[in-house]
Amino acid sequence: MKKILSYFMLAIILVACSTDESIDSTIDVANLEVENYKGIFTTVDGQNRGTLDITLSQDGRSATADLILSTGEVVNIFTDQVSDLGNTKEIVFTSSELSFSMTTGEEGETLEASTVTFRGTESSLLVAQNTERAPVNPITGTYICTTCAGPIDNSMTQTFNFMFVTADGNSSITTQTTLGMTAFNGIGDQNSCVAGGPQTTCDITSGDGMTNVGYTAGGGDVTWTGTHTFDNGATGPTDCSVITGSWSWNSPLVGIVDGTFTSDSMCPPTGAILYEDFEDDTTNYTSSIPEFSDGFFDYFTRTDGSNISGGVSIDNIQGNSFFGAQDIDGEGAASAQSITFSGLDVTGLTNLTFSGLFAEDDNGTSQNWDDEDFVIVEYSFNDTDFTPIFAIQSEEPGGDTVNTTPRVDTDFDGIGDGAEITDTLTEYTAMFANDGTTNPTASTTVTIRIRIDFNAGNEDIAIDNVTVSGM
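In what follows, the accompanying structure is described. (Residues numbered from 1 in each chain as written. Predicted model: local features only at pLDDT ≥ 70, side-chain atom pairs only at ≥ 80, totals over all residues. Heavy atoms only, no water.)

### Topic: the overall build of the protein
Operational definition: Segments assigned H or I by DSSP are reported as helices when at least four residues long, segments assigned E as strands when at least two residues long, and all are numbered from the N terminus. Note on definitions: a residue-residue contact is assigned when non-hydrogen atoms from the two residues lie within 4.5 Å. The method behind every accessible area is Shrake-Rupley, applied with a 1.4 Å probe, and residues are considered shielded solely by the protein chains displayed.
When helices and strands are tallied, the protein shows zero helices and 33 strands. Put simply, 58% of the contacts in the protein that link residues at least 6 apart link residues at least 24 apart. Surface exposure of the protein reaches about 20,900 Å², of which carbon and sulfur atoms provide 49%.

Here it is as structure tokens:
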């Protein structure tokens, strides 16, 4: 949470020792700081969510806004419709992509934009002034229900966004959720923060400490509790925030409805030298061919499900996206391809661990892997000689075996003899050494390669949260 970049522009340093000292009249002191706002966004149907970054120009006559969707897409808009209202300004953005109007406010004040539309869909936007003293941390997320009743439709994605409006530690929270084509604004509180190594974990609860009610929907109170974990080191590639918890709605019409919520972002495990969650365009791997999808059942790509067939069903996706492959040669490529994580720094690390979540889409009637299908994870200390550490193969041997169950190949003999790979993403781990026993001398870098081979429809894999850690 302390990973919020200040939007101060240091134009000049002024040193004033007495009232008699002169100041260069060409310096516009009022414009030394550029006014910046950050916020949380959702369409009222819950199908699009993201964070927003709004910056006024130095002269206060124009502004830019960057909407960063949870899919990784960025929408940039500009406006010169800025009106001076004295102590505040009214900013109006109008575009075919995103339109809204807002009035600026004071530090720590949560502001609601009006007339918000995104690509023609009614939307909601909450923002707060972002300063060095009070950095704003917007986090997008979703919720599901375990005890469901109308108007909650668990087949649709629903938004549960958070915005922290003070510095690290104890903080007030603004929430934004969707329910029944309505966006609800709520409140929460963060406290009891404990640092553990490079990460800090805090308790988060609905309400303001005086009450535990986050907001009221349909005449019933919504309450929630959870945890917020974030990186507490220097700003860099390990920046992260993850929120998880449970919620309850005491509806006068349908009774108690409850479930869980989670942020789109995740934090790498402590000690991780590689963590790839496939959530955005900032990736740690290279692919043997350009990623592709025909929009249906031929693909080799990072996906949130929107660019492949809706008939592909994978459970327990961490965040929104995973890496998927199916019928790789269906669009003309060779069926055997790979993704590679190169040059991972393992200096001083002796015992290394690979972990990842794996699943395959079960079509409901039979399993569909043939004997030549496989997923094999390998490591190399010289980028030439690769050694397998985890593999998934068809469960039956033979040169013409078809439509069998994919299982973990425990002894790398080409036959799946271990745990069945289901349509629920499940974590598997494998350990290997960097001590001179498996390579001539202990190395400073390692490469991880995941090889995949599918040549027909319904032969597929989903991969998420690829991690390498060591000690």
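### A short note on the pattern of salt bridges
Note the cut-off: Only one rule defines a salt bridge in this text: a Lys or Arg side-chain nitrogen within 4 Å of an Asp or Glu carboxyl oxygen. Only protein chains enter the area calculation, which uses a 1.4 Å probe; residues under 20% of their type maximum are buried, those over 50% are exposed, and those in between are partly exposed.
A complete count under the given rule lists nine salt bridges for this structure. Of the charged contacts in the structure, one is a salt bridge between R449 and E378, with a shortest N-O distance of 2.8 Å. Taken together, the residues span a long stretch of sequence, with R449 in strand β32 (residues 445-453) and E378 in strand β28 (residues 374-380) at a distance of 71 residues. Judged by its relative accessible area of 22%, R449 is partly exposed. Here R407 and E395 are joined by a salt bridge, their closest N and O atoms 2.8 Å apart. Pair noted here: R407 is in strand β30 (residues 406-408) and E395 is in the loop between β29 (387-394) and β30, with a separation of twelve residues, a long-range link. Linked through salt bridges whose partners overlap, the residues forming this network are E73, E97 and R119.

### Considerations on unusual backbone geometry
Positive phi, normally seen in glycine, also occurs at T115, with a value near 45 degrees. Assessed through its relative accessible area of 63%, T115 is described here as exposed. For M181, which is not a glycine, the phi torsion comes out positive at approximately 65 degrees. Since its relative accessible area comes to 53%, M181 is described here as exposed.

### Observations concerning the packing of aromatic side chains
Here is the rule we go by: Each pair of aromatic rings taken from Phe, Tyr and Trp, with Trp reduced to its six-membered ring, is defined by centres within 6.5 Å and is described as stacked if the planes are under 30 degrees apart, edge-to-face if over 60, and tilted in the remaining cases. Two conditions define a charge sitting above a ring: the NZ of Lys or the CZ of Arg must be within 6 Å of the ring centre, and it must be within 35 degrees of the ring normal.
With the rule as written, the count across this model stands at 23 aromatic pairs. Between the aromatic rings of F278 and Y285, the centroid separation amounts to 5.6 Å while the plane-to-plane angle is 55 degrees, which identifies the pairing as tilted. Of the two residues, F278 and Y285, neither departs from the other in class, the shared state being buried. Measuring from ring centre to ring centre gives 5.0 Å for F358 and F390, while their planes differ by 35 degrees; the resulting arrangement is tilted. You can see F358 sitting in strand β27 (residues 351-359) and its partner F390 sitting in strand β29, a full 32 residues away along the chain. Judged on exposure class, the residue F358 and its partner F390 are both buried. Seen from the ring of F386, R449 lies directly overhead, with NZ or CZ sitting 3.8 Å from the centre.

### A short note on the pairing of strand β3 (residues 63-69)
Note the cut-off: Two strands qualify as a pair provided DSSP detects at least 2 bridges between them.
Burial along β3 is one-sided: A63, A65, L67 and L69 are buried, while T64, D66 and I68, pointing the other way, are not. Pairing between strand β2 (residues 49-56) and β3: seven bridges, direction antiparallel. From the neighbouring strand, T51 faces β3, where its bridge partner is I68. The antiparallel hairpin formed by β2 and β3 contains six residues in its connecting segment, where G60 sits at a positive phi of about 70 degrees. Where β3 meets strand β4 (residues 74-79), six bridges bridge the pair, whose relative direction is antiparallel. By the bridge assignment, L67 is partnered in β4 with V75. Two successive antiparallel strands, β3 and β4, enclose a turn made up of four residues, where G72 displays a positive phi of approximately 100 degrees.

### Some details on the state of the cysteines
To keep it simple, the criterion reads: Only a pair of cysteine sulfur atoms within 2.5 Å qualifies as a disulfide here.
The full count for this structure, using the stated rule, is one disulfide. Here C193 pairs with C202 through a disulfide, and the sulfurs are 2.0 Å apart. Here the disulfide of C193 and C202 is right-handed, its torsion about the S-S bond being about 115 degrees.

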